Amino acid sequence: MTNADILADKVARAMLAAEGTGPAWGIEIEEAREGYARIRMALRPDMLNGHGIAHGGMVFALADTAFAYACNSRDVRTVAAQAGIVFLDAAREGEMLVAEAQETALVGRSGVCNVSVRTADGRAIAEFTGFSRSLGGSVLGEQSD
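Starting afresh in each chain, residues are numbered from 1 along the sequence in its written order. With pLDDT at 70 or above as the cut-off, local features in this predicted model cover only qualifying residues; side-chain atom pairs require 80 or more to be listed or tallied, and sums for whole chains, interfaces and linings still use all residues. Side-chain numbers here rest on the full set of heavy atoms in the structure, without hydrogens or water.

1. Some details on the sheet that holds strand E5 (residues 110-119)
Strand order in the open sheet made by the six strands is E1-E2-E4-E5-E6-E3, with antiparallel pairing throughout. Only two strands of the sheet have a single neighbouring strand rather than two, namely strand E1 (28-33) and strand E3 (78-87). Within this sheet the neighbouring strands show an average axis-to-axis angle of 20°, counted without direction. Between any two strands, pairing holds if DSSP finds at least two bridges. Numbering of helices and strands starts at the N terminus; helices are DSSP runs of H or I of at least 4 residues and strands are runs of E of at least 2. Pairing between strand E2 (residues 36-42) and strand E4 (residues 96-107): seven bridges, direction antiparallel. Each residue of the ladder has a partner; that of Ala-42, found in E4, is Met-96. Axis lines are fitted through C-alpha atoms, for helices just across the contact stretch, and the angle between N-to-C directions can take any value from 0 to 180 degrees.

Spelled out as structure tokens, the structure:
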């Protein structure tokens, strides 16, 4: 593991520990590297919509969380400027969803990240694209305040 990847893992874990949403949803970090994150979440009954399938907002939130860990991986405070998602298939209660984020471009303070959401067995659920904007400052320095 490179120093950059060690930092990325530390940032992702600090962000997860500091937020209320990730722990409440049972999000777990599988891997975090510079410009990359893979996380997972098991679908519970309270995450389903009226059709008994994963609520789109939960799928979006999982993808957005992976996006956040990937684009903050260099320990520079970064937020979403815009994001979009395409839902490809339904996920059901008890399924494990895995979101894999890969930063594809970073120019100055702006970045682009693609996130694939799949079931643990690899079935495609959604594709998300996030556009990020760095605010400056340290994520880890913010955590120690």
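2. What about the side chain of Thr-119?
Mapping Thr-119 onto the fold places it in strand E5. For Thr-119, a relative accessible area of 4% puts it in the buried group. Polar contact is defined as a pair of N or O atoms within 3.5 Å, subject to the rule that within protein one atom must be able to donate a hydrogen and the other to accept it, and that residues adjacent in sequence are counted only when both atoms are side-chain atoms. Looking at Thr-119, its side chain comes within polar contact range of the side chain of Asp-121, at 2.3 Å. Note on definitions: a residue-residue contact is assigned when non-hydrogen atoms from the two residues lie within 4.5 Å. Contacts of Thr-119, omitting those with residues within four sequence positions, involve Glu-95, Met-96, Leu-97 and Ile-125. Throughout, exposure labels follow a simple rule: accessible area from a 1.4 Å probe, protein chains only, divided by the maximum for the residue type, with under 20% read as buried, over 50% as exposed, and the rest as partly exposed.

3. Regarding the side chain of Ser-73
Tracing the backbone through its elements, the reader meets Ser-73 in the loop between helix H3 (56-71) and E3. Only 2.9 Å separates the side chain of Ser-73 from the backbone oxygen of Ala-70, close enough to count as a polar contact. Contacts of Ser-73, omitting those with residues within four sequence positions, involve Leu-7, Ala-8, Val-11, Arg-33, Glu-34 and Gly-35.

4. Notes on the environment of Ala-99
The topology assignment puts Ala-99 in strand E4. Judged by its relative accessible area of 0%, Ala-99 falls in the buried class. As a C-alpha pair, Ala-99 and Glu-19 span 80 residues in sequence and 18 Å in three-dimensional space. Setting aside its immediate chain neighbours within four residues, Ala-99 contacts Ala-37, Arg-38, Ile-39, Leu-62, Ala-63, Ala-66, Val-115, Ser-116 and Val-117.

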